[in-house]
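So the chains spell out like this:
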Amino acid sequence: MQRKLLQPRVFLEIRHSTQSGQLIIGNVPENYSELQVTLGLSSIHLQTVGQGMNLDLPVGVRIVPPSCRSLQYVTGDGLHMRLQVQVDGPAELAPTVIEALKPQTCYVFQCQTCGQAVLQKQMFQRVLPLPSGNWSDLVEHWCCHPDPFTKALQPKLDDCLLGDMFLLVNVASIDKTAVYQVKTGQSKARQSADNTGNHLVQMSRENDTVVCTRCRKVLGDVTSSDTIKFYVTEVLVQPLMNKALKRQICERSLFVETVVAGRLKEVSSSQSTFRFCIQGRDGKIYILLWLLNSDTLLVRSHNDSNSDFTAVGEGTVKPESSVKLCEGNNAVKVLYHPCLKGRNKMFGEKWEKNIGVHSMILPVDTCLQLLFILASSTASLPPSLQNMNSFKVAFLKLD
């Protein structure tokens, strides 16, 4: 007769910089007094009477067994211990488009949701970074004469200007059959059609929304009569090699997660800022983020990283050893406050006034999706790790 065994779950948070880790083995009931845990160099073996399971760690992760200490059982979590690990140097992660885009190189710009190409010209003569978002507020401290920067920075033809979470391109580069405008505050698009049925638009009004004609996804804004802003969470930018392109199929939520995580890491590194205010295009604050570290390797034993860590398995395990693989992902660790429906309003007001807090503006739907990603990550953590002081804790994958 088969005996029901709760499927164990492994959570191992490793810091590359310190080569240390916190190991939690969940779904281990207190009444399993005969449970034996054996740590090998690259695996964790769990053994009870007549039942066993081997949890294999990802390639390149090795435990130092003599370093294990502070073993304890935490109700709701499972077994806790701290240990030293030996981790191969982190693989070089692909930079986000803000860091990767280069002049004199052919690229294809697509709607990330449906793959529709949105640019007519795929090569820029110049790719230039913009100042940080609040640069204009500091001009009076730099200059002893009238502000020389009253005219907004705008891209010329074949230019691309890089912001924190957006790209500015000249309107002449846009494929006007691929996008159309929605006037801010209106629900219907202003479109016309030519004899072939293609959607056409005159992009002359400011503060309009740029929408994909195929999937109706918001891609960016019309910031002036000559300038279009594309958000990096909404467009997929790939180099065009040998006139051939294979579109990268990426789940929408994973794309948003990796892009935001990558930008948090890059901005914190270049500007030495670790607090971020995620705002929507409507000016509202949706999330307050505090970046704790960006050198985490997160190892889990379950494929679905968004599932509840304390969920009880319903299956049975045969009375012989079985093997379960653990997956590892590079990630950033963040603290966050959701700010929907007036929640954490006081925190939001304080952070808005703080010059050390960096604002990132995204489409409202993307802000809500990012909040869902963070909440799902929090729910997947062991209960004792889900909160820190008044903040919630989450991990965002970098790869």
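Up top is the structure.
Residues numbered from 1 in each chain as written. Predicted model: local features only at pLDDT ≥ 70, side-chain atom pairs only at ≥ 80, totals over all residues. Heavy atoms only, no water.

Caption draft 1: Broad picture of the overall build of the protein chain. For the protein chain, the helix and strand inventory stands at five helices and 29 strands. Sequence-distant contacts, at least 24 apart, represent 67% of the contacts inside the protein chain between residues at least 6 apart. Total accessible area on the protein chain is roughly 20,200 Å²; 52% of this is exposed by carbon and sulfur atoms. (Helix = DSSP H or I, 4+ residues; strand = E, 2+ residues; numbered from the N terminus. Contact = heavy atoms within 4.5 Å. Areas by Shrake-Rupley, 256 points an atom, 1.4 Å probe, with all protein chains shown as cover.)

Caption draft 2: Structural detail: the layout of surface pockets. Considering only enclosed or pocket space, the second largest pocket measures out at about 710 Å³ in volume. Forming the boundary of the second largest pocket are 24 residues, of which Ala94, Pro95, Thr96, Val97 and Val259 lie nearest the centre. Elements with a minimum of two residues in the lining of the second largest pocket: α1 (97-100), β21 (235-239) and α3 (252-271). With six residues, α3 is the largest single contributor of residues to the lining of the second largest pocket. Among the residues making up the lining of the second largest pocket, the classes are represented as 16 nonpolar, five polar and three charged. (1 Å grid on protein atoms, 1.4 Å probe; cavity = no way out; pocket = protein on both sides within 12 Å on 5 of 7 lines; lining within 4 Å. Points joined across faces, edges and corners; volume = space filled by probe spheres on them. Nonpolar A, V, L, I, M, F, W, Y, C, P; charged D, E, K, R; others polar.)

Caption draft 3: Broad picture of the packing of α3 against helix α5 (residues 364-380). α5 packs onto α3 with a crossing angle of 90° between their chain directions and a minimal axis gap of 10 Å. The pairing of α3 with α5 is recorded here as roughly perpendicular in orientation. Where α3 abuts α5, its residues Arg252, Ser253, Val256, Glu257 and Val260 lie against Thr366, Gln369, Leu370 and Ile373. Taken together, the residues of the contact of α3 with α5 break down into four nonpolar, three polar and two charged. (Axes fitted to C-alpha atoms, helices over the stretch in contact; angles between N-to-C directions. Parallel < 35°, antiparallel > 145°, perpendicular 65-115°, else oblique.)

Caption draft 4: Local environment of the packing of aromatic side chains. Inspection of every chain in the model, using the stated rule, returns six aromatic pairs. With a centroid separation of 6.4 Å and an interplanar angle of 40°, the aromatic rings of Trp351 and Phe391 are classed as tilted. Taken as a pair, Trp351 in helix α4 (residues 345-353) and Phe391 in strand β29 (residues 391-397) lie far apart in primary sequence, 40 residues in all. Here the guanidinium or amino end of Lys229 rests over the ring plane of Phe166, the centre of that ring lying 4.7 Å away. Between Arg275 and the ring centre of Trp351, over which it is positioned, the NZ or CZ distance is 5.3 Å. (Phe/Tyr/Trp six-rings, centres within 6.5 Å; stacked < 30°, edge-to-face > 60°. Lys NZ or Arg CZ within 6 Å of the ring centre and 35° of its normal.)

Caption draft 5: Region of the structure containing the side chain of Thr209. Tracing the backbone shows Thr209 in strand β18 (residues 208-212). What makes Thr209 buried here is its relative accessible area of 9%. Among the polar contacts listed, one links the side chain of Thr209 to the side chain of Arg281, at a separation of 2.8 Å. (Buried < 20%, exposed > 50% of the residue type's maximum accessible area, 1.4 Å probe, protein only. Polar contact = N/O pair within 3.5 Å; in protein donor to acceptor, adjacent residues only side chain to side chain.)

Caption draft 6: Highlighting the pattern of salt bridges. Counted under the stated rule, the structure contains eight salt bridges. For Arg252, the salt bridge is made with Glu234, and the minimal N-O distance between the two is 2.8 Å. One end of the pair, Arg252, is in helix α3; the other, Glu234, is in the loop between β20 (227-231) and β21, with 18 residues separating them in the sequence. The salt bridge partner of Glu266 is Arg263, with a shortest N-O separation of 2.5 Å. Here the residue Glu266 and the residue Arg263 both occupy positions in helix α3, the gap between them amounting to three residues, near one helical turn. Each member of the pair, Glu266 together with Arg263, is buried. Ionic contacts of the salt-bridge type, sharing partners, join the residues Glu99, Arg263 and Glu266 into one network. (Salt bridge = Lys/Arg side-chain N within 4 Å of Asp/Glu carboxyl O.)

Caption draft 7: Region of interest: the environment of Ile44. Relative to the elements of secondary structure, Ile44 occurs in strand β5 (residues 43-48). The spacing of Ile44 and Ile63 is 19 residues in sequence and 9.3 Å in space, taken between C-alpha atoms. Those residues in contact with Ile44 that sit more than four places away from it in its chain are Val10, Leu23, Ile25, Val37, Thr38, Leu39, Met53, Asn54, Leu55, Leu57 and Ile63.

Caption draft 8: Region of interest: a nonpolar patch on the surface. A surface patch of nonpolar side chains, about 340 Å² in accessible area, is lined by Phe274, Trp290, Leu292 and Met388. Locating Phe274 in the fold gives a position in the loop between α3 and β22 (275-280). Judged by its relative accessible area of 43%, Phe274 is partly exposed. (Patch = residues over 30% accessible without salt bridge, like charges linked within 9 Å, V, L, I, M, F, W, Y side chains within 5 Å.)

Caption draft 9: Just the nonpolar core, in detail. The biggest cluster of nonpolar side chains holds 55 residues, and the ones touching the most others in it are Leu101, Phe109, Leu167, Phe230, Ile287, Leu289 and Leu374. Ranked by residues supplied to this core, first place goes to α3 with seven residues. If we ignore the near neighbours within four places in the chain, the residues touching Ile287 are Phe276, Cys277, Ile278, Tyr336, His337, Cys367, Leu370, Leu371 and Leu374. Membership of the second largest hydrophobic core comes to 23 residues, among which are Val10, Leu23, Val85 and Cys326. (Core = buried A, V, L, I, M, F, W, Y, C linked by side-chain atoms within 4.5 Å.)

Caption draft 10: Representation of the environment of Cys326 in the model. With respect to the secondary-structure elements, Cys326 resides in the loop between β25 (322-325) and β26 (327-338). Other than its neighbours up to four places away in sequence, Cys326 contacts Val10, Leu55, Asp56, Leu57, Pro58, Val299, Arg300 and Ser301.

Caption draft 11: Representation of unusual backbone geometry. Although it is not a glycine, Gln19 adopts a positive phi angle of roughly 55°. If you check the backbone angles, Arg216 has positive phi at about 65° while not being a glycine. Locating Arg216 in the fold gives a position in the loop between β18 and β19 (218-224). The class for Arg216 is partly exposed, based on a relative accessible area of 45%.

Note that every value here comes from positions in space, so none of it alone points to a role or purpose.
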